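Listed here are the chains, written in short residue letters.
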Amino acid sequence: MAERITPRDQDYAQWYQDVVRAAKLAETSPVRGSMVLPPNGYELWENMQRGLDGMFKATGHRNAYFPLFIPKSFLAREAEHVEGFAKECAVVTHYRLKEDNGDLVVDPEAELEEPLIVRPTSETIIWDTYAKWIQSWRDLPILINQWANVVRWEMRTRLFLRTAEFLWQEGHTAHATEQEAVDETRQMLDVYATFAEEWMAMPVVKGVKTASERFPGAVDTYCIEALMQDGKALQAGTSHFLGQNFAKAFECTFQNQDNEAEYVWATSWGVSTRLIGALIMTHSDDQGLVLPPKLAPTQVAIVPILKKNGDNEAVLGAAREMRDALLNAGFRVILDDRDQYRPGWKFAQYEVEGVPVRLAIGPRDVENGTVEMARRDTGEKQSIQRDALAGTVRETLDAIQAGLFEAARQRREENTYVVDSYDRLQEVVEAGGFALAHWDGTAETEAKVKEETKATIRCIPFPDQFPGVDTQEAGTDPVSGAPSEGRVVYAKAY
RNA sequence: CGGGGUGUAGCUCAGUCCGGUAGAGCACUCGCUUUGGGAGCGAGAAGUCGUCGGUUCAAAUCCGGCCACCCCGACCA
């Protein structure tokens, strides 16, 4: 295999591509911007789904499915929404092909009366449906999530980070009161933050988007923002308070307890396969992928060391026992007894693929009742007792999960700066990192900074996101000199 | 959509300037020796050189059109 991975300090973008390829997470496909997800990549997504889905269910949500195709007219119903998405929609205009002198051509006779758009997001089709479902305050709230693919025709794509088609989940809820909808929006943001930190081992900042970064059609967009290894920010999840915008556009009202018609309050929230990109750029190194144990498709790889004149049956037997014991203990484990690859090759391969723990067992170990355990995150190897295997593996996986989070948290802390001058703001975002600076709240200042530094306001952070920094304290905007009500997070972003 | 780059074996690429029998490494198949950090030797299979056209006795190579992909920007989860 001999996969070469470009070192991060040489070319970070190339390193990212190399890791995706070498770890077999995704491949490009014949259509630009769409990707093939082989098992390593898809299982990672499945594990993310499992974690998130459990949290959605635990907060009272149910899964449902809405159609891929949306009538063009639906998108036009909400003014900001159409403006935000119109430029990147795939449109279906015909329903038939025909032979033409040996060529396959679109049959001009088969034009649809109304073009269909491939969903870039599902608010419109869902609110058209909710309008039929909702009559009374007794029908509320509606708490629904869907796992789906969506299409946004992007100019420039990068595997996971920005693809034309991607997998995601989108929650869409309907509520009787504004407060309830706002609470839902906040609750789901907390779910995302918990998932990012506890499952992905990726620290995030919670906050609100500025008006210019808001979801088209939302009243408020909440987000979690993570800092990647190269100092660029990545929006990892968003939760939108939609107010009554979609209810008004789709005439979705309910009768309240006083028998009056009221518009329904809405939220939507989503995370996508982009999280896989975030995961890669949070933990991985120049040797390849590094995965947190909770999400790793394979948590433990067992490599038997076979010898020409050794007792290979004893080694394989011990390896199988180990595998069975670990499977019974609930781990995702594989025993790699393929004989066409040598142990050294397998070691290297599992490192590239990010398997958290590797166990190697050879004749010496069988004799001694031991096994060699190697950690992917630290590279550390140690000989452990086989009779305590499951417990040791459990502890080690937990230690890796915690260690990855701590390392990422520390890196973020080291690259987060409180800045009080425009010069310093420019320095920080140029070098890479979060700059906590006062902002006067105007779109003009925001645009000026974006124009001059390429950095954007990632979010207006919630209180207590940065230990030791009071971002709520009033001050002066270093760019405009105008008064500021608090600090925001500036950074260059993916 | 602007700037740059690349299309040759499954993959990474050499060969193109200066036209003359299609190459290497890795991967793959078979055999033997190996196996505690990406094995060695031998044999073998594998390419209408992105595509269409032009120049020429002769084109991977020169000329023109087209297409695709990658990187950097503008736009975006």
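Residues numbered from 1 in each chain as written. Chains lettered and ligands numbered in written order. Predicted model: local features only at pLDDT ≥ 70, side-chain atom pairs only at ≥ 80, totals over all residues. Heavy atoms only, no water.

J.: Just give me the short version of the layout of surface pockets, but keep the residues and values in it.
T.: Taken as a whole, the largest pocket encloses approximately 1,400 Å³ of empty space. Looking at the largest pocket, it is lined by 47 residues, and the ones nearest its centre are Arg152, Arg162, Glu213, Gln235 and Arg274. Listed by contribution, the elements that provide at least two residues to the lining of the largest pocket are helix H4 (79–85), strand S10 (165–175), strand S13 (233–243), strand S16 (265–272) and strand S24 (456–461). Across the lining of the largest pocket, the residue classes tally to 15 nonpolar, 15 polar and 17 charged. For the lining of the largest pocket, the domains that each give at least three residues are domain 1 (12–283) and domain 3 (416–491). (1 Å grid on protein atoms, 1.4 Å probe; cavity = no way out; pocket = protein on both sides within 12 Å on 5 of 7 lines; lining within 4 Å. Points joined across faces, edges and corners; volume = space filled by probe spheres on them. Helix = DSSP H or I, 4+ residues; strand = E, 2+ residues; numbered from the N terminus. Nonpolar A, V, L, I, M, F, W, Y, C, P; charged D, E, K, R; others polar. Domains from an automatic or database assignment.)

J.: Help me get a handle on the packing of helix H13 (residues 422–431) against helix H14 (residues 443–453), residues and values and all.
T.: Remark: H13 packs on H14, axes separated minimally by 11 Å, with the N-to-C direction vectors making an angle of 55°. Put simply, H13 runs oblique to H14. H13 and H14 meet at a crossing whose hand is right-handed. For the pair H13 and H14, the contacting residues are Tyr422, Leu425, Gln426 and Val429 in the first and Lys448, Val449, Glu452 and Thr453 in the second. Among the residues forming the contact of H13 with H14, the class breakdown is four nonpolar, two polar and two charged. (Axes fitted to C-alpha atoms, helices over the stretch in contact; angles between N-to-C directions. Parallel < 35°, antiparallel > 145°, perpendicular 65-115°, else oblique. Left-handed = near helix turned anticlockwise from the far one by under 90°. Contact = heavy atoms within 4.5 Å.)

J.: Can you break down the pairing of strand S9 (residues 142–151) residue by residue, with the values?
T.: By the criterion of burial, S9 is predominantly enclosed, with eight of the 10 residues buried. Pairing analysis gives two bridges linking strand S3 (residues 62–63) to S9, with the strands arranged parallel. Counted as the bridge partner of Arg62 is Ile144 from S9. Note: S9 against S10, 10 bridges, orientation antiparallel. Directly across from Ile144, in S10, lies its bridge partner His172. (Buried < 20%, exposed > 50% of the residue type's maximum accessible area, 1.4 Å probe, protein only. Pairing = 2+ DSSP bridges.)

J.: Can you tell me about a nonpolar patch on the surface, naming the residues and giving the values?
T.: The grouping of Leu97, Leu104 and Val106 at the surface amounts to a nonpolar patch, some 300 Å² of accessible area in total. The topology assignment puts Leu104 in strand S7 (residues 103–106). We classify Leu104 as exposed; its relative accessible area is 59%. (Patch = residues over 30% accessible without salt bridge, like charges linked within 9 Å, V, L, I, M, F, W, Y side chains within 5 Å. Areas by Shrake-Rupley, 256 points an atom, 1.4 Å probe, with all protein chains shown as cover. Salt bridge = Lys/Arg side-chain N within 4 Å of Asp/Glu carboxyl O.)

J.: If you had to explain the pattern of salt bridges to someone new, which residues and values would you point to?
T.: If charged atoms from side chains of opposite charge come close, those side chains can pair. The full count for this structure, using the stated rule, is 27 salt bridges. We note a salt bridge from Lys209 to Glu225, for which the minimum N-O separation is 2.7 Å. In this pair, Lys209 is assigned in the loop between strand S11 (205–208) and strand S12 (220–227) and Glu225 in strand S12, connecting sequence segments 16 residues apart. Across the pair, exposure class does not vary: Lys209 and Glu225 are buried alike. Among the ionic pairs, Asp398 bridges to Arg394, the shortest N-O distance being 3.3 Å. Residue Asp398 and its partner Arg394 are both found in helix H12 (residues 389–414); the two are separated by four residues, about one turn of the helix. Salt bridges sharing common partners tie together Lys209, Glu213, Glu225 and Arg458.

J.: Just give me the short version of the sheet that holds S3, but keep the residues and values in it.
T.: With mixed pairing, the 11 strands of this open sheet are ordered in space as S3-S9-S10-S16-S13-S12-S11-S24-S27-S23-S22. The open sheet has two edge strands, S3 and strand S22 (416–418), and neither has a second partner. Two elements, S10 and S16, share eight bridges in a ladder whose sense is antiparallel. Looking at S16, one finds that Glu170 is bridged to Gly270. Running at roughly 30° to S10, helix H5 (residues 123–133) makes contact with S9, S10, S13 and S16 of the sheet.

J.: Can you explain the sheet that holds strand S5 (residues 91–94)? Please cite residues and give values.
T.: Pairing is antiparallel across the open sheet formed by three strands, whose spatial order is S4-S8-S5. The two strands at the open ends of the sheet, each matched to only one other strand, are strand S4 (69–71) and S5. Strand-to-strand, the axes of this sheet are offset by a mean angle of 40°, without reference to chain direction. Both S5 and strand S8 (residues 111–118) contribute to a ladder of three bridges, which runs antiparallel. For Val91, the partnering residue across the bridge sits in S8 and is Ile117.

J.: Got a sec to walk through the nonpolar core? Specific residues and values, please.
T.: Membership of the largest hydrophobic core comes to 57 residues, with the highest contact counts inside it found for Met48, Phe160, Met200, Met202, Ile280 and Met281. The set of elements that each furnish at least two residues to this core consists of helix H1 (12–22), helix H2 (39–58), helix H6 (178–199), S12, S13, S16 and helix H8 (274–283). With nine residues, the top contributor of residues to this core is H6. Ignoring sequence-local partners within four residues, the contact set of Met48 consists of Phe195, Met200, Leu275, Ile276, Leu279 and Leu295. Membership of the second largest hydrophobic core comes to 28 residues, among which are Ile117, Ile126, Tyr130 and Phe246. (Core = buried A, V, L, I, M, F, W, Y, C linked by side-chain atoms within 4.5 Å.)

J.: Please provide a residue-by-residue account of the protein's contact with RNA strand B, values included.
T.: The environment of RNA strand B is made up of 40 residues, and the closest members are Arg156, Arg162, Thr163, Arg274 and Arg342. Gln17 is positioned such that a nitrogen or oxygen atom in its side chain is 2.5 Å from a phosphate oxygen of RNA strand B. Glu351 places a side-chain nitrogen or oxygen 2.6 Å from a base nitrogen of RNA strand B. Elements supplying a minimum of two residues to the surface near RNA strand B: H1, helix H10 (343–352), strand S19 (357–361) and helix H11 (363–368). No other element matches the eight residues that H10 contributes to the surface near RNA strand B. Of the residues assigned to the surface near RNA strand B, the class counts are 16 nonpolar, seven polar and 17 charged. (Near = heavy atom within 4 Å. Polar contact = N/O pair within 3.5 Å; in protein donor to acceptor, adjacent residues only side chain to side chain.)

J.: Lay out the packing of aromatic side chains in plain terms, naming residues and giving numbers.
T.: Here the structure, examined in full by the defined rule, presents 17 aromatic pairs. Ring centres of Tyr222 and Phe462 lie 5.6 Å apart, and the angle between their planes is 75°; this geometry places the pair in the edge-to-face category. Placement of the pair is Tyr222 in strand S12 and Phe462 in the loop between S24 and strand S25 (475–476), with a sequence separation of 240 residues. The residues Tyr222 and Phe462 share a single accessibility class, namely buried. Among the aromatic residues, those joined into a ring-pair cluster are Trp45, Phe56, Trp147, Tyr192 and Trp269. Looking at Lys232, its charged tip hangs above the ring of Tyr494, at a distance of 4.4 Å from the centre. For the cation-ring pair, Arg424 lies above Tyr417, with the distance from its terminal atom to the ring centre recorded as 5.2 Å. (Phe/Tyr/Trp six-rings, centres within 6.5 Å; stacked < 30°, edge-to-face > 60°. Lys NZ or Arg CZ within 6 Å of the ring centre and 35° of its normal.)

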